[in-house]
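# Geometric and topological summary
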Amino acid sequence: MRMSKDERLRLNEEKKQQKEREKLQKAAQKAEAAEIKKREKEKEKWEKGKFAHKSIVAHIDTKVVELGSIGGHLLSRLAEKGLSFRVSSNPIEKSIVWSMSVPEEISKISSEVIKVPYILIICEAEEFCDLVNSESLMSHVSRVQRLYPLHTVCYLTNKLMAFINKREQGQYKDPANHIVWKRPPIEEVLSKLTINFVKVHSRHCVDEAELAEHVAGLTYSLASCQIRLKALVAIPKVQPRFAIAIWKKYPTMKSLLHVYMDPSKSVHEKEFLPKDLKVENMLGDDRKLGEICSRRVYRILMAQCGSIKTDDIEGGADFFSQHSAE
């Protein structure tokens, strides 16, 4: 039967619309493929540490910025280096803490912010001397560690030795008109810090420029620590969210290897050391890392024979090959 003119027009219009839909669908698929490819490239660059310094943010306490030339030098140097910072009221006055954002492509959950376990406390020379002379430094350290129990603590001083020498010379040259000043036992107190506390140290800078340069360099170093995440993700069957859970607890390879090489712990204890670390899943609930992943990370990182396949290492092949060689 011959189609009417209206029917032919309708069919032609439908074909035209179908072609348009197919064209739009292909364009959407092409755009989606390009977006996926772009995300993969971004992920690869992030894992290689190329975006490390862009992912880290220094949270600087307002009191640091108010320290005259120190604040000026510091903010200028961070800006020159292209490092991000925020001025805020930190729980510890005159402190700097850091955080890093993990892209959604890495975490597989959402773009999340990870706290870098390091806190820097900036002290003017006279202020640090007063802390030492009043025997308040130890209690200050204890307070910092209560608020930041997993952080490494560093006291950064400015012109400390120059200040001490100037006060001593002033007393020596004109003892009658000079205020009696007691030289603080700096060396003794710093030794006690090392002995009595874990992950507490100090750094002395000769001027504001050196202090600013140290903070900028430290920010770069803390950012580069995330490259270890790539090593963990590279372990077969270790999902990114598992790697992030380990990274949160052990932010550097040194910190992880330190516990793995602890002679006071048995191999069995080391294998299951991170098994109870909390891991976020897609639904936002918490789950534990588990014994299988924990054992796999330990055995692969501590393997002695590089020619054994990872699956065989997980099964204990490296352990048995060591004993058979003996």
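Quick caveat, the model's predicted, so the values are computed rather than measured.

## Some details on the overall build of the protein
When its secondary structure is counted, the protein shows 17 helices and eight strands. Counting all 326 residues of the protein, 38% fall into the buried class. Intrachain contacts of the protein at a sequence separation of at least 6 include 67% that bridge at least 24 residues. For the protein, the exposed area adds up to about 19600 Å²; of that, 54% sits on carbon and sulfur atoms.

## Brief notes about the pattern of salt bridges
In the structure shown here, the tally under the stated rule is 13 salt bridges. For the salt bridge of Arg-183 with Glu-187, the shortest nitrogen-to-oxygen distance reads 3.7 Å. Classification of Arg-183 by relative accessible area gives partly exposed; the value is 32%. With relative accessibility at 46%, the residue Glu-187 sits in the partly exposed group. Measuring nitrogen to oxygen at the nearest pair gives 3.4 Å for the salt bridge that ties Arg-203 to Glu-210. A relative accessible area of 33% places Arg-203 in the partly exposed class. A network of salt bridges, in which partner residues are shared, links Arg-77, Glu-80, Lys-81 and Glu-213.

## Examining the nonpolar core
By size, the foremost hydrophobic cluster in this structure holds 28 residues, and its most contacted members are Leu-74, Ile-96, Trp-98, Tyr-118, Leu-120, Ile-122 and Val-215. Breaking this core down by element, the ones donating at least two residues are β1 (56–61), α4 (69–80), β3 (95–102), β4 (112–124), β5 (152–158), α10 (208–224) and α12 (240–249). Ranked by residues supplied to this core, first place goes to α10 with six residues. Sequence-distant contacts of Ile-96, that is, excluding residues within four places in its chain, are made with Ala-58, His-59, Ile-60, Leu-74, Asn-90, Tyr-118, Ile-119, Leu-120, Ile-122 and Val-215.

## Side note on the environment of Arg-241
If you trace the backbone, Arg-241 turns up in helix α12. By relative accessible area, which is 16% here, Arg-241 ends up buried.

## Comments concerning the packing of α4 against α10
Look at α4 against α10: their axes get within 8 Å of each other, and the N-to-C directions meet at 40°. One element, α4, and the other, α10, form an angle in the oblique class. With respect to the hand of their crossing, α4 and α10 are arranged in right-handed fashion. Touching Ser-69, Ile-70, His-73, Leu-74, Arg-77 and Leu-78 of α4 are Glu-208, Ala-209, Leu-211, Ala-212, Glu-213, Val-215, Ala-216 and Thr-219, all from α10.

## Comments concerning the confidence of the model for the protein
Residues of the protein with pLDDT of at least 70 account for 78%, and the chain-wide mean is 81. Residue range residues 319–326 is modelled with pLDDT below 50. Its contacts to residues more than four positions away, or to other chains, number three contacts.

Thresholds applied
Residues numbered from 1 in each chain as written. Predicted model: local features only at pLDDT ≥ 70, side-chain atom pairs only at ≥ 80, totals over all residues. Heavy atoms only, no water. Helix = DSSP H or I, 4+ residues; strand = E, 2+ residues; numbered from the N terminus. Buried < 20%, exposed > 50% of the residue type's maximum accessible area, 1.4 Å probe, protein only. Contact = heavy atoms within 4.5 Å. Areas by Shrake-Rupley, 256 points an atom, 1.4 Å probe, with all protein chains shown as cover. Salt bridge = Lys/Arg side-chain N within 4 Å of Asp/Glu carboxyl O. Core = buried A, V, L, I, M, F, W, Y, C linked by side-chain atoms within 4.5 Å. Axes fitted to C-alpha atoms, helices over the stretch in contact; angles between N-to-C directions. Parallel < 35°, antiparallel > 145°, perpendicular 65-115°, else oblique. Left-handed = near helix turned anticlockwise from the far one by under 90°. pLDDT = per-residue confidence, 0-100.

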